[in-house]
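These are the residues of each chain, in order.
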Amino acid sequence: MATGEPQTKEKEGARLQLQKEHHWLKRLVGEWEHRSEVPSESGGPPDVYTGTMTVRSLGDRWFLVEDSTRLPDGHVMLSMLTLGYDPDKGHFVGTWVSPDDTRMWVYDRGDLDTDERVLTLQSVGPTMDRMDETQYRDVIEIESDDRIIQSAYMLQNGRWELLMRIEHQRVK
């Protein structure tokens with residue numbers, strides 16, 4: 001434990017109890033189809049992609065999100081998102097990896113809104129030109145048991161710019 005005080009079985013048991021945040025994540029478990037929109041750099045209509053997402057639990061505390069998105073050129077982009085809640089930090093935490101990227105994205109802080117419908121995950125990563133680093137936000141909104149909206153934003157010139165919006169519909 002970071003404080004240097006010995007951890008008692010009582011404290012350890014309380015720390016390991018499932019939190020409301022774990023139950024929130026459990027609502028994501030299932031099979032999903034999605035439609036992604038990426039704003040066009042030229043200001044025209046957004047690029048549209050489709051794919052699938054499978055969310056499963058690893059025990060009751062960790063959740064694995066496997067995504068497969070078909071790009072217009074036929075390439076299938078795969079990714080894996082891990083999500084959990086760290087009661088010691090008091091925040092959601094996670095990682096994101098893809099074979100199409102050399103970087104492991106780390107979400108070291110995520111929080112629910114006051115209505116407990118929207119999870120905002122925060123990360124730091126390279127700017128589009130890879131010359132500097134900036135802040136990113138990934139937002140997961142549970143609209144209903146069968147519909148999720150996911151959005152990704154990048155802080156650019158002091159403003160949050162939308163990078164992608166994904167609408168997920170539960171299949172099972």
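Please refer to the structure placed before this passage.
Residues numbered from 1 in each chain as written. Predicted model: local features only at pLDDT ≥ 70, side-chain atom pairs only at ≥ 80, totals over all residues. Heavy atoms only, no water.

Chemist: Sorry, what's going on with the layout of surface pockets here?
Modeler: Regions of empty space are outlined by a rolling probe, equal in size to a water molecule, passed over the atoms. Of the volumes computed, that of the largest pocket is approximately 1300 Å³. If you trace the largest pocket, you find 42 residues lining it, with M77, M128, A152, L163 and M164 closest to the centre. (1 Å grid on protein atoms, 1.4 Å probe; cavity = no way out; pocket = protein on both sides within 12 Å on 5 of 7 lines; lining within 4 Å. Points joined across faces, edges and corners; volume = space filled by probe spheres on them.)

Chemist: Help me understand empty space enclosed by the protein in this model?
Modeler: All told, the structure shown has 1 cavity of 30 Å³ or more when counted by the stated rule. One number sums up the size of the largest cavity: a volume of about 70 Å³. Breaking the lining of the largest cavity down by element, the ones donating at least two residues are β2 (47-58), β4 (76-86) and β9 (147-156). Looking at the lining of the largest cavity residue by residue, the classes come out as 8 nonpolar, 2 polar and no charged. (Helix = DSSP H or I, 4+ residues; strand = E, 2+ residues; numbered from the N terminus. Nonpolar A, V, L, I, M, F, W, Y, C, P; charged D, E, K, R; others polar.)

Chemist: Help me understand the pattern of salt bridges in this model?
Modeler: Per the stated rule, a full pass over the model turns up 12 salt bridges. Its salt-bridge partner being E66, residue R56 comes within 3.2 Å of it at the nearest N-O pair. Remark: E66 occurs in strand β3 (residues 62-70) and R56 occurs in strand β2; sequence separation between them is 10 residues. Overall, E66 belongs to the partly exposed group, its relative accessible area being 31%. With a shortest N-O distance of 2.8 Å, R117 and E141 are connected by a salt bridge. With R117 in the loop between β6 (105-112) and β7 (118-126) and E141 in strand β8 (residues 133-144), this residue pair connects regions lying 24 residues apart in the sequence. (Salt bridge = Lys/Arg side-chain N within 4 Å of Asp/Glu carboxyl O. Buried < 20%, exposed > 50% of the residue type's maximum accessible area, 1.4 Å probe, protein only.)

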